[in-house]
Amino acid sequence: MTADETEASRLMAEATAGVSPAELPRRLCTAVCAALGADGATLSLLTDTPARQLLGASDATALRLEEIQFTVLEGPCISAATTGEPVIVADLATTVGAWPLFGATMREQLPRVRAVHAFPLYFGDYVLGTVDVLAVRPRALEADAVKRALEVVDAVAVALMPARTRLFPGNSAPVWEPEEIVRAHWFDTRHAVGLVAEHRGVGPEDALALMRAEAFRTGRTLAEITADVLGRPPEPS
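A brief structural summary. (Residues numbered from 1 in each chain as written. Predicted model: local features only at pLDDT ≥ 70, side-chain atom pairs only at ≥ 80, totals over all residues. Heavy atoms only, no water.)

### So, the nonpolar core
In globular proteins that are soluble, nonpolar side chains generally tend to be buried together. Worth spelling out the cut-off: Nonpolar cores are built from buried Ala, Val, Leu, Ile, Met, Phe, Trp, Tyr and Cys residues. Side-chain atoms within 4.5 Å join them into one set. Only protein chains enter the accessibility calculation, which uses a 1.4 Å probe; a residue whose area is less than 20% of its type maximum is buried, one above 50% is exposed, and one in between is partly exposed. Secondary structure elements follow DSSP: runs of H or I of four or more residues count as helices, runs of E of two or more count as strands, with numbering from the N terminus.
Leu 43, Leu 121, Val 156 and Leu 160 are the most contacted members of the largest nonpolar core, which totals 33 residues. Elements supplying a minimum of two residues to this core: helix H1 (3-16), helix H2 (24-36), strand S1 (40-45), strand S4 (115-123), strand S5 (126-135) and helix H6 (143-160). In terms of residue count, H6 provides more of this core than any other element does, nine residues in total. Counting 20 residues, the second-largest nonpolar core is a separate cluster that includes Leu 63, Ala 80, Val 87 and Ala 118.

Structural data, given as C-alpha cells:
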C-alpha cells in the first residue's frame, strides 16, 4: 500500500469511526469532498435501473445531480457503472456530447456546476456502484487529483464493507440518513414502478420509462412523479 493509499484509508476511517450505518454514507460523502477539495459528492449502489439506490449525498446540489441522471437515464455516473472506468467531465460547458439530455438538464437546473467526475465503486471484482464528485469550477481535478480520487474511492469501498449487511434491510425502507429523502427519491420509485406496470400491463422497465418520460415532459423530478403515483406529497429535497 502506498503512502497516498494509506492516507486515503486513514481519512475515511477517521470520518466514519463510531458512526451508525444510517450515518455512514453521508459521512463518507463529506469525507470525499474534504479529501479532494470538491464541492459535492454522492454515493450510489446498484446503479443498473430500476434497482439503483442512492446511499448518500453531501448536499442538495449533489442530490439534484443524482436526480437528473436517474430521470434522464444517462450521465457520467451511469457510464462509470456500466464500463467500470472513471468518467471525467472536466467542463460541462463543452464536454457532454455523449449525454445530450443530461447536459441540457444540468445547464437548466444546475448551471453553477461545471465539472463532474464519476468513479466506479468496486467490491472485489464487481462494480456495485459509483462515487460522483462535482465542482463549481471547470477542470477541478487535475491528473494527480484523479489518481488520488481513485485511492479515496477504494477507501470508501473498504469503509462500506463492514456495514454492508446492515445497509440493505431487505424489503423494508432504507435507514440511511436523511431517511425521508433517500426513501422519497429512490426506494419508493420501485414501488411506483410496480403500480404503473400493473396498471398499464407492461414490464418494470417500460413502466419506469413511462415515468421518466412524464418527468422529462413536465420538467419535474422522478421523485415527484413517484409521489403522484403513490398518492402522497413528495418529500422536500
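From this point, the discussion proceeds with the structure in view.
### Examining the layout of surface pockets
How we decide: Buriedness for pockets is judged along seven lines, at least five of which must meet protein on both sides within 12 Å for an open set on the 1 Å grid over protein atoms alone, while cavities are sets there where a 1.4 Å probe fits but cannot get out, and lining residues have an atom within 4 Å of a point. Grid points are joined across faces, edges and corners, and a volume is the space filled by probe spheres set on the points. Lys, Arg, Asp and Glu make up the charged group, whereas Ala, Val, Leu, Ile, Met, Phe, Trp, Tyr, Cys and Pro make up the nonpolar group; the residues left over, Gly among them, are polar.
In this structure, the largest pocket spans a volume of roughly 210 Å³. At the level of elements, helix H3 (60-72), helix H5 (100-109) and helix H9 (204-218) are the ones that each hand at least two residues to the lining of the largest pocket. Grouping the constituent residues of the lining of the largest pocket by class yields six nonpolar, five polar and four charged.

### Re the state of the cysteines
Going by this rule: Cysteine sulfur atoms are paired as a disulfide whenever they come within 2.5 Å of each other.
Considering all chains together, one arrives at zero disulfides under this definition. Of the cysteine sulfurs around Cys 33, a residue in no disulfide, the closest is that of Cys 29, at 7.1 Å.

### Let's talk about empty space enclosed by the protein
Here the structure, examined in full by the defined rule, presents one cavity of 30 Å³ or more. Considering the residues around the largest cavity, the lining is formed by Leu 36, Gly 37, Ala 38, Ala 115, His 117, Val 133, Leu 134, Ala 135, Arg 137, Ala 140 and Leu 141. Broken down by secondary-structure element, the contributors of at least two residues to the lining of the largest cavity are S4 and S5. Examining the composition of the lining of the largest cavity, we find that three residues originate from one element, S5, more than from any other.

### Things to note about the pairing of strand S2 (residues 53-57)
Counted only if it meets this: Whether two strands pair depends on DSSP finding at least two bridges between them.
When you tally the buried positions in S2, you get five out of five residues, the bulk of the element. Direction of pairing for S1 relative to S2: antiparallel, over a ladder of four bridges. By the bridge assignment, Leu 43 is partnered in S2 with Gly 56.

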